Amino acid sequence: MLPKDGLSGIFVREISQDMIKDSQALITEKESWKEYYLLSLKSPGIAQQAKPGQFIMVRIDPQPYPLLRRPFSIHSKDEENIEIFFQKTGSGTALLAQKEINDSLDILGPLGKGYKVDPGFKGKTVIMVGGGRGIAPLYFLAQELATLGAEVKIFYGAKSLSDLCLKDKFERNDFKLFYSTEDGSLGFKGLVSDFLAEKLPSLAPEFMYSCGPEAMMEKIAQIAMEKEIPAEFSLESIMGCGFGICWSCVRRIRQEGQETWLKICEEGPVFSKEQIIW
Ligand SMILES: Cc1cc2nc3c(=O)[nH]c(=O)nc-3n(C[C@H](O)[C@H](O)[C@H](O)COP(=O)(O)OP(=O)(O)OC[C@H]3O[C@@H](n4cnc5c(N)ncnc54)[C@H](O)[C@@H]3O)c2cc1C
Ligand code: FES
């Protein structure tokens, strides 16, 4: 029988065997900084299957508005819980920010294809570049790659020190961190892409990963092209369903040398630098 939870729940079970609908994901922890929020959600089924770069679709409220679920990257996971880190950008995220510990959310996941996690990166340097809320999926990825023995170096850029909300959390791990702020309140003064370009010659990475504003990722992709470093990027798009039925997320992408329309939710959100048409 199909789940009767409104438009965004229709056909869920028919679409993917791997996708789980958890209508009672309990909020067990909450932290906030200015317009940024971190929620821990108890959802063992999704936690066990989640891979770095995948996302969940969150039904913000049982009320008809907002009707459509909103996508959020899986920021971290343990045996039973996943975390999401989000920025209040509109009405849905403003409502989500009001949720408290012991409230529950209706979520779908894990969705999409994530970042490349290669055991061959053991002992090799990998670089991650996150801008603002785009840092969200890179924590989970960094933890997985560090567990495999990769040397994880993270460029974390934001407008100002107060936007580098996850600084302390990242520093509790064995990652090498490079900070940049546009106002110079911490680390390199300027854009994180310029900081990367300056540091790259001394780092010799095997692979680069990025998530953040599209203009930032485009610059990182240019650098990766020039230096011939393999790189992957997580794209954002307006998403109606998150699992391939509504076509709201299509974008021109190169596949096997040909340009074609692809659904970001199913074929992405992670794509290589060669695939993305900026
Ligand atoms: C795969 C994926 C993963 C994401 N992960 C995160 C995350 O980890 N943390 C986080 O803070 N945000 C993330 N986003 C973006 C997040 O989904 C949007 O910020 C959110 O849906 C906005 O909802 P809203 O109701 O608050 O905004 P609305 O009121 O609907 O719109 C406010 C503004 O946000 C823009 N917007 C709406 N939806 C999206 C969207 N899906 N992507 C980009 N811009 C949007 C609108 O064009 C508008 O300018 C992700 C998006 C995708 C596609
Ligand atoms: S979001 Fe519906 S098809 Fe991608």
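Per chain, the residues get numbers from 1 upward, laid out in the order the sequence is written. To read the labels, note that chains go from A and ligands from 1, taken in the order they are written. It should be noted that, the model being predicted, local features are given only for residues of pLDDT at least 70 and side-chain atom pairs only at 80 or more, the latter also being counted only at that level, while totals for whole chains, interfaces and linings use all residues. Just so you know, side-chain values use all the structure's heavy atoms and leave hydrogens and water out.

Visitor: Please provide a residue-by-residue account of the confidence of the model for the chain, values included.
Guide: Confidence in the prediction for the chain averages 93 pLDDT; 94% of positions are at 70 or higher. Below pLDDT 50 for its whole length, residues 1-14 participates in 28 contacts with residues either more than four positions away or in separate chains. Every residue is assigned a pLDDT by the predictor, reflecting its confidence on a scale from 0 to 100. Contact criterion: two residues are considered in contact whenever any of their non-hydrogen atoms come within 4.5 Å of each other.

Visitor: Give me the sheet that holds strand β1 (residues 20-33): which residues, what numbers.
Guide: Taking strand neighbours across the sheet as the criterion, the seven strands line up as β4-β3-β7-β1-β2-β6-β5 in an open arrangement whose pairing is antiparallel. Since the sheet does not close on itself, it has two edges, and those belong to β4 (70-73) and β5 (76-77), each with one partner. When DSSP locates at least two bridges between a pair of strands, those strands are taken to pair. Each helix is a run of DSSP H or I of at least 4 residues and each strand a run of E of at least 2, with the numbering of both proceeding from the N terminus.

Visitor: Could you give an account of the sheet that holds strand β8 (residues 125-131), naming the residues involved and the relevant values?
Guide: Spatially, seven strands are ordered β11-β10-β9-β8-β12-β13-β16 in an open sheet, and the strand pairing comes out mixed. Of all the strands in the sheet, just β11 (188-189) and β16 (270-272) have a single pairing partner and so form its edges. In terms of strand pairing, β8 meets strand β9 (residues 151-158) through seven bridges, oriented parallel. For Gly-131, the partnering residue across the bridge sits in β9 and is Gly-157. Along the sheet face, helix α6 (residues 192-199) touches β8, β9, β10 (176-181), β11 and β12 (207-211) and points at about 145° away from the line of β9. Axis definition: a line fitted to C-alpha atoms, limited for helices to the stretch in contact. Angles are taken between N-to-C directions and run from 0 to 180 degrees. With respect to the sheet, helix α7 (residues 214-227) is in contact with β8, β12 and β13 (231-234), its orientation differing from that of β12 by roughly 170°.

Visitor: Residue-level account of the pattern of salt bridges, with values.
Guide: A carboxyl oxygen of Asp or Glu within 4 Å of a side-chain nitrogen of Lys or Arg is what we treat as a salt bridge. All told, the structure shown has 14 salt bridges when counted by the stated rule. Note that Lys-263 is salt-bridged to Glu-266, the shortest N-O span being 3.5 Å. Under the scheme applied here, a residue whose accessible area is under 20% of the maximum for its type counts as buried, over 50% as exposed, and between as partly exposed, the area being computed with a 1.4 Å probe on protein chains only. Classification of Lys-263 by relative accessible area gives buried; the value is 15%. Taking the relative accessible area as the measure of exposure, Glu-266 reaches 32% and is therefore partly exposed. Connected via shared salt-bridge partners are Lys-21, Arg-69 and Asp-106.

Visitor: I'd love a proper account of the packing of aromatic side chains, names of residues and values included.
Guide: Note on ring pairs: Phe, Tyr and Trp rings are taken, using the six-membered ring of Trp, and paired if centres are within 6.5 Å. Classes follow the plane angle, with under 30 degrees stacked, over 60 edge-to-face and the rest tilted. Per the counting criterion, the structure on display carries 17 aromatic pairs. Aromatic side chains Tyr-36 and Phe-85 sit 5.7 Å apart centroid to centroid with 0° between the ring planes, which places their arrangement in the stacked category. With Tyr-36 in strand β2 (residues 36-42) and Phe-85 in strand β6 (residues 81-87), the pair connects residues that are 49 residues apart, well separated along the chain. On the basis of an interplanar angle of 10° and a centroid distance of 4.5 Å, the ring pair of Phe-155 and Phe-178 is categorised as stacked. Within this pair, whereas Phe-155 is found in strand β9, its partner Phe-178 is found in strand β10, the two being separated by 23 residues in sequence. Judged on exposure class, the residue Phe-155 and its partner Phe-178 are both buried. Three or more aromatic residues joined by ring pairs form one cluster here, namely Tyr-139, Tyr-156, Phe-170, Phe-175 and Tyr-179. Criterion for a charge above a ring: Arg CZ or Lys NZ at most 6 Å from the ring centre, at most 35 degrees from the ring normal. Directly above the ring of Phe-178 sits Lys-176, whose terminal nitrogen or CZ lies 5.2 Å from the centroid. When the ring centre of Trp-247 is taken as reference, the NZ or CZ atom of Lys-263 above it lies at 4.2 Å.

Visitor: Lay out the side chain of Asp-106 in plain terms, naming residues and giving numbers.
Guide: Counting through the fold element by element, Asp-106 comes out in strand β7 (residues 104-111). At 3.4 Å, the side chain of Asp-106 forms a polar contact with the side chain of Lys-21. Polar contacts here mean pairs of N or O atoms no more than 3.5 Å apart (in protein, one a potential hydrogen donor and the other a potential acceptor; neighbouring residues in sequence count only if both atoms are side-chain atoms).

Visitor: Can you lay out the site of ligand 1 for me, pointing to particular residues and giving the numbers?
Guide: Only a single heavy atom is needed: when it lies within 4 Å of a molecule or strand, its residue is near that molecule or strand. In the vicinity of ligand 1 lie 20 residues, with Arg-70, Pro-71, Gly-92, Thr-93 and Ser-237 positioned nearest. One of the backbone nitrogen or oxygen atoms of Phe-85 is found 2.9 Å away from a nitrogen atom of ligand 1. Within the complex, the protein chains bury 77% of what would otherwise be the 850 Å² of accessible surface of ligand 1. Elements supplying a minimum of two residues to the shell around ligand 1: β4, β6 and α3 (91-97). Under the scheme applied here, ten amino acids are nonpolar (Ala, Val, Leu, Ile, Met, Phe, Trp, Tyr, Cys and Pro), four are charged (Asp, Glu, Lys and Arg), and all others, including Gly, are polar. For the shell around ligand 1, the per-class residue count stands at nine nonpolar, eight polar and three charged. For the shell around ligand 1, the two domains that each supply at least three residues are domain 1 (7-111) and domain 3 (235-278). What sets the accessible areas is the Shrake-Rupley method with a 1.4 Å probe; for residues, cover comes only from the shown protein chains. Boundaries of every domain are those given by an automatic assignment or by a domain database.

Visitor: Which residues make up α7, and what are the values?
Guide: For an α-helix, the turn length of 3.6 residues means that residues three or four places apart are oriented alike. The end-to-end C-alpha distance of α7 is 20 Å, a good match for the 20 Å that 14 residues give at a rise of 1.5 Å each. Among all positions of α7, only Met-216, Met-217, Ile-220, Ala-221, Ile-223 and Ala-224 are buried. All buried residues of α7 fall inside an arc of 160° around its axis, so they share one side. Those residues of α7 that are exposed and aimed more than 90 degrees away from the buried face are Ala-215 and Glu-226. Residues of α7 that are buried in the fold lie against β8, α6, β12 and β13. In the segment just after α7, Glu-228 is the residue with positive phi, at about 55°. For a helix, the expected span equals 1.5 Å multiplied by the residue count minus one. Working note: the arc is built from the helix axis to C-beta atom directions.

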